[in-house]
Amino acid sequence: MAQAMRIMKDLTDTPQSQSVTSTAPSSPRMPPQRQNSGSQTPRVRPHATTLNIPGMTRSRVSPDGRIPQRDVAAKLVIVMVGLPARGKSYITKKLQRYLSWQQHDSRIFNVGNRRRHAAGIKVSAKAKLAPEPDFLDPPVRAAKILLNGFPAPTEELSSATSEPTALTLDSPGLEQDTDQSAKFFDPKNAKASALRDQVAMETLDELLDYLLNQGGAVGILDATNSTLERRQHIVERIREREPKLGILFIESICRDQHLLEANMRLKLSGPDYRDKDPLKSLEDFKARVAAYASAYVPLGDYEEDHDLQYIQMVDVGRKLVQHRLKGFLSGGISTYLSSFNLAPRQIWITRHGQSVDNELGKLGGNSPLTERGHCYGLALYRFITQKRKEWLMEQKSKMAQATFPPQPGDNTPPYPDMNRDLDEKNFCVWTSMLQRSVETAEYFDADDDYDVKNWEMLNELNSGQFEGMTYQEIARKYPEEFHRRSQDKLNYIYPGVGGEGYLQVISRLRDMVREIERITDHVLIIGHRSVCRVLMAYFMDLTREDITDMDVPLGMLYSIEPKPYGIAFHAYKYDEARSWFEELPNYKPQKATRGSV
């Protein structure tokens, strides 16, 4: 027994509890001193790669988690490459929208806009499709938004910003410096080529000013950049201004004829051909593409020999080729680009039905639905089922009527993937793991024609030690915390175990957004207020100031339909008396009332 006790004592005693003769020197410990343990001469290494997730990568030197504000090597220049009608602008706008939603300060710099301004091209203020912005300096809106089927209102061009001359394809006597037809893009046209190069370098300089002097993190140069000489000049100019800046080339290659047709159709509705004869415009545009193609050099040997990172996208994300991607941001961009698809589909977003805690005005919790909440779930199921049938009929009708080249007045480009069987689409219903969200989907779950899944990442923002309290209670018991949150809701984190803030919700929804972009099926998300705000901010390209204040009340249902040129947006309000939803024409998100739950 005594021996067993000694063995047990030996096993349980920690080294600190046993008496050990100290071998520490008697002299006091010296503080660390700066040194180079590698060699006697300073070593030059490539810059250390750092994580860069705004709000999440907080540290002692970066308390707000915005590393590029303090480290120029974390900034990135994205250079687009590709022939016209290859989807470059579509890619850049979606990419900028995603980066901005992730809270990276990003901006698009479009060379074509400056080229048109330099040549004196006047663009109609009433665009049929995807109008480019009237101002020259981006940020460009990430998507053209149709509100309830009609273009969102835009301000008319003022006389101060209107340009002096208009492009015509019918007048052969144009001056060389204003002619923007196909011969302007002929590599043999020395004068036009010099103008294009000058405009490209001026645009690049403004991009670099944005990154180096205005606090930007990512600048996107949207242009063809299809010649080796142009790309060499771009790299040289960037290295001259700041050698530490990261450079990422993204090339868009299209081999699918349906996709090329859709892209060309969009171009014919763009600022160079808007309101022109479709057949003449198509002929001129094909000549322009041929002019670019005669000097086109794809990404490859030059970039690889100079250790430059690049991504080649084939058919807008169906295939990706990567070379030497460096850093967290470039890897994340590649993953996002691989999620692209152009399939017709609908994305629906709503909050759960009324819960017991909603009635009491309490935050968080996991309470069940009230009877009114269950009735909302039934109305939602019936309405979505009806809209699903209407959408299918509408798409089949559009597919039967599509023509190419487009006819005058035809302003709806076909989906490149429209030829696939629309009847085979699944309809996914995604809820959180919380009871009020799961119960709202109970009627969908009972219908085998819907695929229902519950996701923890869709859970409501966790309010930590304030879970189950009302805003009035928080203001009364914790006035300092209440004030801190009201001053900066985006960066605020609720105190206590599990407490989150909006930046944490954005971070955990990053993969959810990629999955929504990837799938070709319809999806209905039954979420919570903070989750719906964050998802709506991504699809609607809201500013960071708008994310935390967007009004997403119970009973609102939003429909987002991705298009080759942007999104179509519809909003519906629940009519409890009729147990149905009514569309709200020209609906625009508004700020929420203080204290609403």
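Values in this document were obtained by computation on a predicted structure and should not be read as measured data. Residue numbers run consecutively from 1 along every chain, following the written order of its sequence. For this predicted model, a pLDDT threshold of at least 70 governs which residues receive local features, and a threshold of 80 or more governs which side-chain atom pairs are given and counted, while totals over whole chains, interfaces and linings are taken from all residues. Water and hydrogen atoms play no part in the side-chain values, which are based on all heavy atoms of the structure.

The next subject is the UniProt feature "binding site: substrate" (unreviewed entry) in the protein. With numbering aligned to this structure, UniProt lists the feature "binding site: substrate" (unreviewed entry) at Arg 436, Arg 484 and Arg 485. Annotated residues from the preceding list that form part of the lining of the largest cavity: these are Arg 436 and Arg 485. Looking at the element boundaries, Arg 436 is found in helix H12 (residues 435-440). Arg 436 gets classed as buried once you look at its relative accessible area, which sits at 4%. Non-local contacts of Arg 436, meaning those with residues more than four positions away in its chain, are made with His 352, Ser 355, Gly 364, Gly 365, Asn 366, Ser 367, Leu 369, Glu 460 and His 528. Within the structure, the side chain of Arg 436 is placed 2.8 Å from the backbone oxygen of Gly 365, a separation counted as a polar contact. Only DSSP runs of H or I reaching four residues or more are called helices, and only runs of E reaching two or more are called strands; each is numbered from the N terminus. Note that Arg 484 resides in helix H15 (residues 479-487). Buried means the residue's accessible area, taken with a 1.4 Å probe over protein chains only, is under 20% of the maximum for its type, while exposed means over 50%, and partly exposed covers the values in between. A residue is classified by how much of its surface remains accessible, and Arg 484, at 47% relative accessible area, is partly exposed. UniProt positions are given in the numbering used here, feature names are shortened, and annotations may be inferred rather than shown by experiment. Cavities and pockets are found on a 1 Å grid laid over the protein atoms alone: a cavity is a set of points where a 1.4 Å probe fits but cannot escape, a pocket is an open set with protein on both sides within 12 Å along at least five of seven lines, and a lining residue has an atom within 4 Å of such a point. Contact criterion: two residues are considered in contact whenever any of their non-hydrogen atoms come within 4.5 Å of each other. A 3.5 Å cut-off defines polar contacts: any pair of N or O atoms within that distance qualifies, except that in protein one atom must be a possible hydrogen donor and the other a possible acceptor, and neighbouring residues in sequence count only when both atoms are side-chain atoms.

Our focus in this paragraph is the packing of helix H6 (residues 257-268) against helix H7 (residues 278-293). Contact geometry of H6 with H7 gives a least axis separation of 10 Å together with a crossing angle of 115°. Considering the angle they form, H6 stands roughly perpendicular to H7. Regarding H6 and H7, the two cross each other, and that crossing is right-handed. In this structure, H6 uses Met 264, Lys 267 and Leu 268 to contact H7, whose residues at the interface are Pro 278, Ser 281, Leu 282, Phe 285 and Lys 286. Helix axes are fitted to C-alpha atoms over the stretch in contact, other axes to C-alpha atoms as well, and angles between N-to-C directions run from 0 to 180 degrees. An angle below 35 degrees is read as roughly parallel, one above 145 as roughly antiparallel, one from 65 to 115 as roughly perpendicular, and any other as oblique. Definitions for this section: a left-handed crossing has its near helix turned counterclockwise from the far helix by less than a right angle. A right-handed crossing has that turn clockwise.

Before going further, it helps to spend a moment on the confidence of the model for the protein. Predictor confidence is given residue by residue as pLDDT, running from a minimum of 0 to a maximum of 100. Mean pLDDT for the protein: 81, with 72% of residues reaching 70 or above. Of the regions scoring below 50 in pLDDT, residues 122-150 engages in 93 contacts with residues more than four places distant in sequence or in other chains.

The strands that make up a sheet pair up through hydrogen bonds in the backbone, lying either parallel or antiparallel. Whether two strands pair depends on DSSP finding at least two bridges between them. Read from one edge of the open sheet, 6 strands run S2-S5-S1-S6-S7-S8, paired in mixed fashion. The strands lining the two open edges of the sheet, one partner per strand, are strand S2 (106-110) and strand S8 (319-323). On average, each strand axis in the sheet is tilted by 20° relative to the strand beside it, whichever way the strands run. Summarising the sheet, S2 and strand S5 (residues 218-222) pair through 5 bridges and their orientation is parallel. Note on S5: the bridge partner recorded for Ser 106 is Val 218. Against the sheet, helix H5 (residues 228-241) touches strand S1 (76-81), S5 and strand S6 (246-253), its axis set at about 160° to S6.

The next subject is the pairing of S1. Among the 6 residues that make up S1, 6 are buried, leaving the element largely enclosed by the rest of the structure. Judged by which residues are buried, S1 turns out to be covered on both faces: Leu 76, Ile 78 and Met 80 on one side and Val 77, Val 79 and Val 81 on the other are all buried. By the bridge criterion, 4 bridges tie S1 to S5 in an arrangement that is parallel. Counterpart to Val 79 in the pairing with S5 is Leu 221.

It is worth spelling out the packing of helix H2 (residues 88-101) against helix H17 (residues 510-518) at this point. Their axes nearest at 12 Å, the elements H2 and H17 cross at an angle of 160°. When the axis of H2 is compared with that of H17, the two are roughly antiparallel. Considering how the two elements wind past one another, H2 and H17 form a crossing that is right-handed. Contacts between H2 and H17 involve Lys 94, Arg 97, Tyr 98 and Trp 101 from the former and Arg 510, Val 513, Arg 514 and Glu 517 from the latter. Residue composition of the contact of H2 with H17, grouped by class: 3 nonpolar, no polar and 5 charged. Note that Gly is not counted as nonpolar here; it falls among the polar residues with everything else outside the nonpolar set of Ala, Val, Leu, Ile, Met, Phe, Trp, Tyr, Cys and Pro and the charged set of Asp, Glu, Lys and Arg.

Turning our eyes to something else, we now look at the pattern of salt bridges. By definition here, a salt bridge exists when the distance from a side-chain nitrogen of Lys or Arg to a carboxyl oxygen of Asp or Glu is within 4 Å. One pass over the structure, following the stated rule, counts 23 salt bridges. Residue Glu 517 pairs with Arg 97 through a salt bridge whose shortest N-O separation is 3.8 Å. Highlighted residues: Glu 517 in helix H17 and Arg 97 in helix H2, separated in sequence by 420 residues. Arg 97 shares its class with Glu 517; the two are buried. The salt bridge partner of Arg 372 is Glu 576, with a shortest N-O separation of 2.8 Å. Of this pair, Arg 372 sits in helix H11 (residues 371-401) while Glu 576 sits in the loop between strand S14 (566-575) and strand S15 (580-583), and the two are 204 residues apart along the sequence. You can call Glu 576 partly exposed: its relative accessible area is 40%. Within the structure, one salt-bridge network assembled from shared partners comprises Lys 94, Arg 97, Arg 345 and Glu 517.

So, on to empty space enclosed by the protein. Grid points are joined across faces, edges and corners, and a volume is the space filled by probe spheres set on the points. For the structure shown, the criterion picks out 6 cavities of 30 Å³ or more. Considering only enclosed or pocket space, the largest cavity measures out at about 310 Å³ in volume. As for the largest cavity, its lining consists of 25 residues, of which Leu 363, Gly 364, Glu 460, Tyr 471 and Arg 529 are closest to the centre. Elements supplying a minimum of two residues to the lining of the largest cavity: helix H10 (356-360) and helix H18 (529-540). For the lining of the largest cavity, the element with the most residues is H18, which contributes 3 residues. Here the lining of the largest cavity is built from residues that sort into 7 nonpolar, 8 polar and 10 charged.

Here Cys 375 is to be found in helix H11. Discounting residues that sit within four places of it in the chain, Cys 375 has contacts with Tyr 574 and Ser 579.

Here the focus is the packing of aromatic side chains. Only the six-membered ring of Trp is used, alongside the rings of Phe and Tyr, when aromatic pairs are assigned; centres must lie within 6.5 Å, and planes under 30 degrees apart are stacked while those over 60 apart are edge-to-face, with the rest tilted. Across all of its chains, the model carries 26 aromatic pairs by this definition. Arranged with centres 3.9 Å apart and planes meeting at 10°, the rings of Tyr 98 and Tyr 336 form a pair that is stacked. Here Tyr 98, found in helix H2, pairs with Tyr 336, found in helix H9 (residues 328-337); they are 238 residues apart in sequence, far enough to count as distant. The same class applies to Tyr 98 as to Tyr 336, namely buried. Three or more aromatic residues joined by ring pairs form one cluster here, namely Tyr 90, Tyr 98, Trp 101, Tyr 336, Phe 340, Tyr 538 and Phe 539. Charge over a ring is defined by NZ of Lys or CZ of Arg lying within 6 Å of the ring centre and within 35 degrees of the ring normal. Residue placement shows Lys 94 over the ring face of Phe 340; its charged tip is 4.7 Å from the ring centre. Above the plane of the ring of Tyr 450 lies Arg 388, whose end atom (NZ or CZ) is 4.9 Å from the centre.

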